[in-house]
Amino acid sequence: MRKPLAMTERFWPHEDQPQSMASSAPVTTSSADAGKESFAALLDRTLGSNVPFEGSVVTGRVVRLTDDYAIVDVGLKSEGRVPLKEFTPPGSRTPEVKVGDVVELFVERYEDRDGSIVLSREKARREEAWNAIEKAFAANQRVMGTIFGRVKGGFTVDLGGAVAFLPGSQVDIRPVRDITPLMGTPQPFQILKMDRARGNIVVSRRAVLEETRAEQRTELIQGLKEGMVIEGVVKNITDYGAFVDLGGVDGLLHVTDIAWRRINHPAEALQIGQTVKVQVIRFNPETHRISLGMKQLEPDPWEGVEYKYPVGAKFKGVVTNITDYGAFVELEPGVEGLVHVSEMSWTKKNVHPGKILSTSQEVEVVVLDVDAAKRRISLGLKQAQPNPWEQFLLEHPVGSVVEGEVRNITEFGLFIGLTPDLDGMVHMSDLSWDEPGEVAITKYNKGDVVKAKVLDVDVEKERISLGIKQLQDDPAASVLDRIRKGDVVTGIVTAVQANGIEVKVEDVLTGFIRRAELAREKSEQRPERFAVGEKVDAKVMQIDRAARKLTLSIKAKEVEEEKQAMAEYGSSDSGASLGDILGAAIRRRNLQAQQESQENKG
């Protein structure tokens, strides 16, 4: 078909035009055919015969750069232009092209309205990439690619010009929370499926990792031995430890084997993705279970601990954990001791350790016991403080007078506050010299401020005994000093009981006569024959100065009187009867009593 003249003039240089076309002579049919043949020959010579320019890939050289385009000489009648953005790698903003670069380009249109050739670097790369990908897919080979973007359900991967889809489940063997470190880094992928007609490619990074791990796992397990030291990457963290990827196989690093010091949670010392050096503690070739340890690579801080922490020495430490039964104090990394709740405070009893100490608190402790074999150290917190009972005894020796508030009243006495932490007890028997304790204690109320005398301080039993009645002299002291064991005293019956009678001696001492001691004759040993207020004479058998009590016996007095009468008035073989002897002794005693009474009146 004959082309328009304009087209003929563009591709046909003027100097080669036939003379017939240059002259004004009319063109004949034969000259037109000759021109057509010359034009076709010129095109074949210039561009080559049967070359499909549009849709083909050509090679060109960059001759100059503009703000938006790269001008490329591809050896045709005019230069082509390529948008600079097509020279920009995925994920970057800077085009990678310079004048003089030789590049392959895709001819989109041989000539646009400006007479320029429209070229595409991106499509040329895509064509080249698709060809390579098809070959790799057919041979089941891996391809290199770079993750550069996110899409719904996964990510986009640049395979050297062709864009593939990477599903989120195919990124790694385990779910990856942050894929940022993987983006922009060339790495191998396995092609799962592709459709060139639709332009779809699906790749997998996980398939590559699983294949690599399988190879590494077999190699690693064959050479794995207990005691060997290897490097791994922390893969997952749980409450009880961390799983470490050793390169195809996972091992468990238990929380107790991370460090010699106490670690409550593995996250305190490890992070996912962290590279760690571990030692194989146990390995089961059948189940492929591997137990790992990190602390085994460091010196054991418990070696020679009994020399570093001798009993009785004082050290500083940090509270690491608090339980119901005490608190653990770290003396150095990896060495902890237990402060039992009973060793925490001199004065606070039955109090939860959490109310005395707090975690991370620095405290001063005393070593109470060291068991290196069991890796146990017993510590005392209160021993690092002065004993308040010893301190009280130094400041308030026995006999000194103290003052305090009645904090509590019990059935056996009063508790008086002496310091913010110390109480002293006044037993009910030490409240009054004259009144019974049950009566005297009713005169006190909580909050009363009273004075008392220190009677005793038992440091070991942590007790302070006080007395209120001791603030005054004992009215019975002079009487007790005068009465001796064996003396006969006169008392007034104050109570008649089934087992005996109670008497008052000189208004200050209490005496008791048991039923069997009421008379010499058994028939007379009846408490009911005595009446309250009646005077009786009895012999002192025992003296309890502390309790101000006497143990008395009428029977012993009568037996002694009988012996004295027998000695003074003769024996039974002298002709006098026992009645005569006793009658004479009684009359003599009554006479002496009358004389003493008259002397007292006079």
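Treat the numbers as computed from the prediction; the structure is a model and nothing was measured.

Spatially, the 5 strands close up into a barrel ordered S11-S12-S13-S15-S14, and their pairing is mixed. Looking at each pair of strands side by side, their axes are set apart by 50° on average, direction ignored. Note: strand S11 (residues 229–237) against strand S12 (residues 241–245), 4 bridges, orientation antiparallel. Each residue of the ladder has a partner; that of Asn236, found in S12, is Phe243.

Each strand in a sheet pairs with another by means of backbone hydrogen bonds, the pair being arranged parallel or else antiparallel. On the basis of which strands lie adjacent, the closed barrel formed by 5 strands has the order S16-S17-S18-S20-S19 and mixed pairing. Taken pair by pair, the neighbouring strands of this sheet meet at an average axis angle of 55°, ignoring direction. Where strand S16 (residues 314–322) and strand S19 (residues 362–371) come together, 5 bridges link them in antiparallel fashion. Directly across from Lys316, in S19, lies its bridge partner Glu364.

What follows is about the pairing of S16. Looking at chain direction, S16 and strand S17 (residues 326–332) are connected through 4 bridges and run antiparallel. Bridge pairing in S17 links Val319 to Val329. Once S16 ends, the chain turns through 3 residues before running back antiparallel as S17.

Another point: the packing of aromatic side chains. Here the structure, examined in full by the defined rule, presents 4 aromatic pairs. Ring geometry for Tyr309 against Phe315: centres 4.9 Å apart, planes inclined by 70°, an arrangement best described as edge-to-face. Judged by centre distance (6.4 Å) and plane angle (85°), the ring pair of Tyr325 and Phe328 falls under edge-to-face. Classification of Phe328 as buried rests on a relative accessible area of 17%. Over the aromatic face of Phe328 sits the side chain of Arg262, whose NZ or CZ is 4.5 Å from the ring centroid.

Let us look at the side chain of Asn387. Among the structural elements, Asn387 can be located in the loop between strand S20 (376–380) and helix H7 (388–395). Discounting chain neighbours no more than four positions away, the residues touching Asn387 are Trp346 and Val459.

Right, let's talk about the side chain of Asp257 for a bit. Here Asp257 lies in the loop between strand S13 (250–254) and strand S14 (275–284). Buried and unpaired, Asp257 has no salt bridge, with Lys295 as the nearest side chain of opposite charge at 4.1 Å. Beyond its immediate chain neighbours, meaning those up to four positions away, Asp257 contacts Ile281, Leu292, Gly293, Met294, Lys295 and Gln296.

Before going further, it helps to examine the environment of Gln383. Structurally, the position occupied by Gln383 is in the loop between S20 and H7. A relative accessible area of 27% places Gln383 in the partly exposed class. As a C-alpha pair, Gln383 and Leu368 span 15 residues in sequence and 9.0 Å in three-dimensional space. Not counting the four nearest positions on each side in its chain, Gln383 is found in contact with Glu343, Trp346, Val366 and Leu368.

This part is about the confidence of the model for the protein chain. On average, residues of the protein chain score 81 in pLDDT, and 81% of them reach the 70 mark or higher. Throughout residues 1–32 the model reports pLDDT below 50, and contacts reaching past four residues in sequence, or to other chains, amount to 24 contacts. In this model residues 46–51 is a low-confidence stretch, pLDDT under 50, and it forms 5 contacts with partners more than four residues away in sequence or in other chains.

All of the buried residues in H7 are Pro388, Trp389 and Phe392. Looking straight down H7, one finds its buried side chains confined to an arc of 100°; they lie on one side. Those residues of H7 hidden inside the fold are in contact with strand S21 (401–410), strand S24 (449–458) and strand S25 (463–467). Measuring from the side-chain oxygen of the N-cap residue of H7 to the backbone nitrogen of Trp389 gives 2.9 Å; that N-cap residue is Asn387.

Let us look at unusual backbone geometry. A positive phi is found at Asn350, a non-glycine position, where the angle reads about 55°. Note that Asn350 resides in the loop between strand S18 (335–340) and S19. Phi angles above zero are rare outside glycine, and Arg375 is one such case at about 55°. Within the secondary structure, Arg375 is located in the loop between S19 and S20. Given the relative accessible area of 36%, Arg375 is considered partly exposed.

About the thresholds
Residues numbered from 1 in each chain as written. Predicted model: local features only at pLDDT ≥ 70, side-chain atom pairs only at ≥ 80, totals over all residues. Heavy atoms only, no water. Pairing = 2+ DSSP bridges. Helix = DSSP H or I, 4+ residues; strand = E, 2+ residues; numbered from the N terminus. Axes fitted to C-alpha atoms, helices over the stretch in contact; angles between N-to-C directions. Phe/Tyr/Trp six-rings, centres within 6.5 Å; stacked < 30°, edge-to-face > 60°. Buried < 20%, exposed > 50% of the residue type's maximum accessible area, 1.4 Å probe, protein only. Lys NZ or Arg CZ within 6 Å of the ring centre and 35° of its normal. Contact = heavy atoms within 4.5 Å. Lys, Arg positive; Asp, Glu negative; His and termini not counted. Salt bridge = Lys/Arg side-chain N within 4 Å of Asp/Glu carboxyl O. pLDDT = per-residue confidence, 0-100. Arc of directions from axis to C-beta. Polar contact = N/O pair within 3.5 Å; in protein donor to acceptor, adjacent residues only side chain to side chain.

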